[in-house]
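# An overview of the molecular structure
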Amino acid sequence: MFDWNRSCSYDEQHKRRFHTTARSRLKKLAAQLALPSHSYDLRSNKAGIAVSGEITLHHDRTYIQVGQFGMSSGHGILIRTCKGRKDYTGGANHFVALGMLDDIPALAAAVRAITGVGRDAAHSSDRHAA
């Protein structure tokens, strides 16, 4: 498992792994939410040497950003609604723990609860499981 709470500050190698791993997990999240690949962008901004930067999954209806901006609270995943991929401010901010990147089904459930995105996919998989 990746150590999400180990600071990326002044550690270029760890920052590179942080971004690579977070991008991979956000791709898995998009698949779990059954988001068509054309309906979202996946961006990475490494920013300066003293910070983690951020990795963003920007869908037509949700904006999910991973970073080490909430280290003292343990929160580092921002989830909010948006109105298209040009909306960078969106709805109210909701934060969940970085460690949720290790439990994609739980993270997908949080995204569904906060934004409603992916509910159809969740109901579809519930019907197939029955």
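Residues numbered from 1 in each chain as written. Predicted model: local features only at pLDDT ≥ 70, side-chain atom pairs only at ≥ 80, totals over all residues. Heavy atoms only, no water.

## Observations concerning the packing of helix 1 (residues 12-32) against helix 2 (residues 104-115)
At a minimum axis distance of 9 Å, the contact between helix 1 and helix 2 shows a crossing angle of 60 degrees. Viewed along their axes, helix 1 and helix 2 form a crossing whose handedness is right-handed. Side by side, helix 1 and helix 2 meet where Arg25, Lys28, Leu29 and Gln32 of the first sit next to Ile104, Pro105, Leu107, Ala108, Val111 and Arg112 of the second. Residues of the contact of helix 1 with helix 2, tallied by class, amount to 6 nonpolar, 1 polar and 3 charged. (Axes fitted to C-alpha atoms, helices over the stretch in contact; angles between N-to-C directions. Helix = DSSP H or I, 4+ residues; strand = E, 2+ residues; numbered from the N terminus. Left-handed = near helix turned anticlockwise from the far one by under 90°. Contact = heavy atoms within 4.5 Å. Nonpolar A, V, L, I, M, F, W, Y, C, P; charged D, E, K, R; others polar.)

## With respect to helix 2
When the terminal C-alpha atoms of helix 2 are compared, their 16 Å separation across 12 residues agrees well with the 16 Å that a helix rising 1.5 Å per residue should span. Every buried residue belonging to helix 2 is among Ile104, Leu107, Ala108, Ala110, Val111, Arg112 and Thr115, and all of these are buried. (Expected span 1.5 Å × (residues − 1). Buried < 20%, exposed > 50% of the residue type's maximum accessible area, 1.4 Å probe, protein only.)

## Some points on the side chain of Gln65
Relative to the helices and strands, Gln65 resides in strand 3 (residues 62-67). Within the structure, the side chain of Gln65 is placed 3.0 Å from the side chain of Thr56, a separation counted as a polar contact. If we skip the residues at most four places from it in the chain, Gln65 touches Glu54, Ile55, Thr56, Gly76, Ile77 and Leu78. (Polar contact = N/O pair within 3.5 Å; in protein donor to acceptor, adjacent residues only side chain to side chain.)

## With respect to the pattern of salt bridges
Side chains that differ in charge, positive against negative, can pair when their charged atoms come close. Applying the stated criterion across every chain, the model contains 5 salt bridges. The salt bridge partner of Arg85 is Asp41, with a shortest N-O separation of 3.1 Å. Here the residue Arg85 occupies a position in the loop between strand 4 (75-81) and strand 5 (94-97), and Asp41 occupies one in strand 1 (residues 40-45), the gap between them amounting to 44 residues. On the basis of relative accessibility, which here comes to 23%, the residue Arg85 falls in the partly exposed class. Residue Asp41 is classed as partly exposed on the basis of its relative accessible area of 30%. (Salt bridge = Lys/Arg side-chain N within 4 Å of Asp/Glu carboxyl O.)

## With respect to helix 1
Over its 21 residues, helix 1 extends 30 Å from the first C-alpha to the last, a length consistent with the 30 Å expected when each residue adds 1.5 Å. Within helix 1 the residues assigned to the buried category are His14, Lys15, Phe18, His19, Thr21, Ala22, Arg25, Leu26, Leu29 and Ala30. On the buried face of helix 1, the contacting elements are strand 1, strand 2 (54-59), strand 3 and helix 2. One or two positions beyond helix 1, positive phi appears at Ala34, with a value near 60 degrees.

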